Amino acid sequence: MSYLSITDADREAMLAAIGVSSVAELFEQVPAGVRLGRELDLPPPLGEAELVRHLEELASRNVHTGAELSFLGAGIYDHYVPAVADVVLSRGEFLTAYTPYQPEMSQGVLQAIFEYQTVVCELTGMDVSNASGYDGATVAADACFIARHVSDRRKVVLAEALNPQVRQVVKTYAPGFGLEVVEVPHRGGVTDPDELTAAARDAAAVIFQQPNFLGCLEPAPDLAEAAREAGALAIAHVDLMSLGVLEAPGAYGCAIAIGEGQSAGNWPSYGGPHYGFLAAQSEFVRRMPGRIVGETVDVDGRRAYVLTLQTREQHIRREKATSNITTNQTLLALAGLATLSWLGPDGLREVGETCLALAQHARERIPLEPAFEAPSFKEVAFRTPLPAREVVRRARELGVHPGYALGRDYEGMDDVLLVALTELRTVEDVDRLAAVLAEVTA
Amino acid sequence: MSVPRPGEAWREAPLLFERSRPGRRAGRPPQPDLPPADVPESLRRSRPPRLPELSEPELVRHLTTLADRTFGVDTGFYPLGSCTMKHNPRVHERLASLPGFRDLHPHQEDEAAQGALELMWRLQEMLAEIAGLPAVTLQPAAGSQGELTGLMLMRAYFADRGEERDTIVTADTAHGTNPASVAMSGYKLEKVETDARGNLDLADLRGKVNERTAGLMLTNPSTLGLFDEGIEEVARIFHDAGALLYYDGANLNAVVGISRPGDMGFDIVHYNLHKTFSQPHGGGGPGGGPVAVRDTIEPFLPAPLVVRDGDAYRLDSNRPKSIGRVRGFAGPFGVFVRAYAFIRAYGPGLREMSEAAVLNANYVLAQLRDVYELPYDRHCMHEFVLSARELKREHGITALDVAKRLMDYGVHPPTIYFPLVVPEALMIEPTETEPKERLDEFVDAMRRIAGEAEEHPELLHEAPHGRPVRRLDEVRAVKQPVLRYLFDGDPALVEAE
């Protein structure tokens, strides 16, 4: 199968117009020594029906969140994705447009990004948001790059209770930025503000997560204050779906708010594509990475939208740019916009209250000791009497994926299971999990 | 072609926040009968977020209105140079939405994700064959992140060998991402000039490569749409100096199955799955930027990689020399589904894809070269660069005016003012999926516009005439930035000095 449109007759006419006798002549500029000179060794072509059959077979060998009762979270969550998100994802105009460099051709997508920026600012309590970053991990590296340029300090501090993948990405990027990375351990599942202040004395920025990776609610206002006291920027890594009930980072003095947008409007999709969001207070606007849409007027005075402050960006500023980012995650961010608009302020608050209530209910019903005392938003860590990975294995045999084994990332936590509860889990689901965990740990 | 004259209604689109009415709503999440949770008041939200309040019909109409005011490849011809705006097969959307892919949690145990892992492993293998290099990481999220990954790989490779090298060479025709990636990765930048035929200037190059050089970043064919005829000598110069060559895959669409970057002498390659392999561009993203390398660089690839043990597949994170992780999980899986399906549809016929892309570009070029200036007079590859310099000199018409007027003919403009080495540049990439009639219409529009430049220059200065808005005050957008909707009483953005 191919998606080409040129017929043999077209080809003859086109070659004649060009003034060559064959397509091969057009490739004469490719030196003979670097030509492949054989067919690519790839499987034979498939028609559409065969292609669908082949990929359906591959998909059938995956156990997805609808095929077992799943309590997996740890950074990616199966919150409900409303059907209106499909309006964004399936409209060819959104799906197949490029970055809106030509505003007259792109007012719709530009306005949608402007609305997305507004929603992110509103939820995080920030003044300015970009049009999206790759994911919740790379936006943390972007935030470090901002901090690096607004400070003489050459260190960033990460709370150990920050998502391990986020920390790994920051550590990968940091040497290129000339930044040293220091981690502050958690104490009983949460970060200690005094320890954070001590570590941040000569740091450009501190990144902590609310709710954190261990499922605990951090004393976030105290952590932001601890960072500021040490003269470091406070950067909060937050979950958009929590911000109907939890305080906005801007309200407790954070300079920058970042996070993984997947929970709001994207499917798990085995890790992507999703969107990362990055929002900041106004003083950082000229250091922001990535696309930003602004409002202006056309020559008739009609309201219009355009990519703006582009002198920050690589295509104008080249080696002096605030980032190399070009392609971002616009389509996924707009699915997020549709989802958050569908929920509205009441719906988002209700999702949050449901998560909180289910987490509290799980604490009471699950016949295991909670690993930490701090309150939860939608994840609770439990101590298991046998290795958590073994609990996962046994529970899956009974049709329940009970959660994430924290020993994958944290030393000394081989017996800790992180259970995630989105609003899609029911009281009966929690009861079934409790029964299964009782059985496999007996 | 006729110029569209839409009604005034098309020109008005209230914001979501203006459509909002207090108390209106769409979604109603489940609310189980459970006691409210006990959360410290200090952590609770003090002021509700001002999200829009809309019923579902109004929300759907809003999104549809915005889609109507957006132009995609599905709408019409989109010859945006270096962006490869080809048709995106619809079956890909169906495939990426199969529950076994879409609803698969990335922390799922490897044994319960065998289909996904096999797809990724096979994609790695196929991309390796296409690049002519043995090892592939799928993790980078986009081309620019692939570049950064490539530069980190160079750093790790030289550090492992105990060599100190601090400079990366780029072409003066390079995409802006190349120098930006060099700066982000902590390297120094050296630029090399283009010669009169559009190749890298070998004399200039020889003087700039030495024992401090870590490597070259090059797009081939270049952003001029020309294959570098001296590529073998370029590779020799860098390899003789102990340096590496990085291939920016932005223009790979020209040479799939014809010439492989690995065979050209490149050591590290990134692919743009959203260009060559038809992941839809989504109004700016998502993309996918896998990286292929020679076996000497394989130990440094980001973790995890997908490996095969007998008949089973797994994620391998035990890679002691790895540069680390550049993105969450193993990469943008949904993009892999589409790229995999695209390659399986064509098979070895990918070569015909590139041949058609090159044929289409040369066909358009042959019919425009007498009315627009062609700075490098050669057959092109998949794209070409014209200059509106003569139109500007003779009629005061710029590349921007030509671009804006094209909109009135129902065509998305080409890339303009890039590459920087060509004044008043118009960079045109038709792609392989366009039929001859669309190309003929475009040629006709471009020729008519050249005529209008002489006879009715005001038509061009004032274009576009048939879009929802006319030309924008972009200076105002910068000087008085409005970057979010301002609710009643919200202050304008004030920047600290």
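Sequence positions are assigned chain by chain, starting from 1 and proceeding in written order. Chains carry letters and ligands carry numbers; both start at the beginning, A for chains and 1 for ligands, and go up in the order they are written. Residues qualify for local features only when their pLDDT is at least 70, as the model is predicted, and side-chain atom pairs are given and counted only at 80 or more; totals for whole chains, interfaces and linings, by contrast, use all residues.

Overview of the overall build of chain B
The helix and strand inventory of chain B stands at 17 helices and 12 strands. What you see for chain B is a C-alpha radius of gyration of 25 Å, in line with the 23 Å of a compact globule of 497 residues. Counting over 497 residues, chain B shows a buried share of 58%. Long-range contacts, defined as pairs at least 24 residues apart, comprise 72% of the intrachain contacts of chain B with a sequence gap of at least 6. Where helices and strands are cited, they refer to DSSP runs of H or I of at least four residues and of E of at least two residues respectively, numbered from the N terminus. Throughout, the radius of gyration refers to the C-alpha atoms, and the reference size of a globule is 2.2 Å times the residue count to the power 0.38. Residue burial is a threshold on neighbouring C-beta atoms within 10 Å of the residue's own C-beta, all placed from the backbone, with 20 or more meaning buried, 12 or fewer meaning exposed, and counts in between meaning partly exposed. What counts as a contact here is a pair of residues whose C-beta atoms, placed from the backbone, lie within 7 Å.

What about the overall build of chain A?
Looking only at helices and strands, chain A features 14 helices and 16 strands. Expressed as a percentage of its 442 residues, the buried residues of chain A come to 66%.

Some points on the interface of chain A and chain B
Contacts between the two partners involve 172 residues from chain A and, on the opposite side, 182 residues from chain B. Element by element, the count of residues in the side of chain A that touches chain B is highest for helix H12 (residues 330-365) of chain A, at 23 residues.

What to know about the sheet that holds strand E12 (residues 425-428) of chain B
All names here are of chain B. Two strands qualify as a pair provided that DSSP identifies no fewer than 2 bridges between them. Strands sit in the order E10-E12-E11 across an open sheet of three strands; the sheet is antiparallel. The sheet terminates laterally at strand E10 (384-387) and strand E11 (415-416), the two strands that pair on one side only. Across two bridges, E11 lies against E12 in antiparallel orientation. The partner of Thr-415 across the bridge, within E12, is Met-427.

Examining the environment of Ala-374 of chain A
Residues and elements named next belong to chain A. Residue position: Ala-374 is located in the loop between H12 and strand E13 (379-383). Taking C-alpha positions, Ala-374 is 27 Å from Pro-268, a pair spaced 106 residues apart along the chain. If we skip the residues at most four places from it in the chain, Ala-374 touches Gly-189, Val-190, Cys-216 and Leu-217.

With respect to the domain arrangement of chain A
Residues and elements named next belong to chain A. Split into domains, chain A comes out as domain 1 (69-79 + 344-441) and domain 2 (84-337). Domain limits in this description derive from either an automatic procedure or a database domain assignment. Between the C-alpha centres of domain 1 and domain 2 the distance comes to 27 Å. Listed by partner, the interface residues are 25 residues for domain 1 and 21 residues for domain 2. Among the elements that make up the side of domain 1 that touches domain 2, the one with the highest residue count is H12 (seven residues). Charged residues are taken to be Asp, Glu, Lys and Arg, nonpolar residues to be Ala, Val, Leu, Ile, Met, Phe, Trp, Tyr, Cys and Pro, and polar residues to be all remaining types, Gly included. Of the residues in the side of domain 1 that touches domain 2, the class split is 15 nonpolar, four polar and six charged.

Focus on the domain arrangement of chain B
Under the domain assignment, chain B is made up of domain 1 (94-348) and domain 2 (350-468). Taken together, the residues of the side of domain 1 of chain B that touches domain 2 of chain B sort by class into 11 nonpolar, eight polar and two charged.

Regarding the pairing of E12 of chain B
Residues and elements named next belong to chain B. Of the two faces of E12, the one carrying Ala-425 and Met-427 and the one carrying Leu-426 and Ile-428 are both buried. Here E10 pairs with E12 via four bridges, running antiparallel. Looking at E12, one finds that Val-385 is bridged to Met-427.

Section: the nonpolar core
Buried Ala, Val, Leu, Ile, Met, Phe, Trp, Tyr and Cys residues form a nonpolar core when they are connected through C-beta atoms within 7 Å. Formed by 320 residues in total, the largest nonpolar core has its most connected members in Ala-143, Cys-144, Val-156, Ala-205, Val-206, Ile-235 and Ile-256 of chain A. Setting aside residues no more than four positions away along its own chain, Ile-235 of chain A makes contact with Ala-143, Ala-205, Val-206, Ile-207, Cys-254, Ala-255, Ile-256 and Ile-258 of chain A.

Section: the environment of Leu-217 of chain A
One can find Leu-217 of chain A in the loop between strand E7 (205-210) and helix H10 (220-229). A sequence separation of 113 residues divides Leu-217 of chain A from Glu-104 of chain A, and the C-alpha atoms of the two residues are 45 Å apart.

Quick word on the sheet that holds E7 of chain A
All names here are of chain A. Taken together, seven strands build an open sheet; the order of strands is E2-E10-E9-E8-E7-E3-E4 and the sheet is mixed. Each end of this open sheet is capped by a strand with a single partner; those strands are strand E2 (128-129) and strand E4 (180-184). For strand E8 (residues 233-238) and strand E9 (residues 256-260), the ladder comprises three bridges, and the chain directions are parallel. Residue pairing for E9: Ala-236 is matched across the bridge by Ala-257. For helices, the fitted line uses only the C-alpha atoms of the stretch in contact; every axis is such a line through C-alpha atoms, and the angle between N-to-C directions lies from 0 to 180 degrees. Of the strands in this sheet, strand E3 (155-159), E7, E8, E9 and strand E10 (276-280) touch helix H7 (residues 138-150), which is tilted by about 25° from E10.

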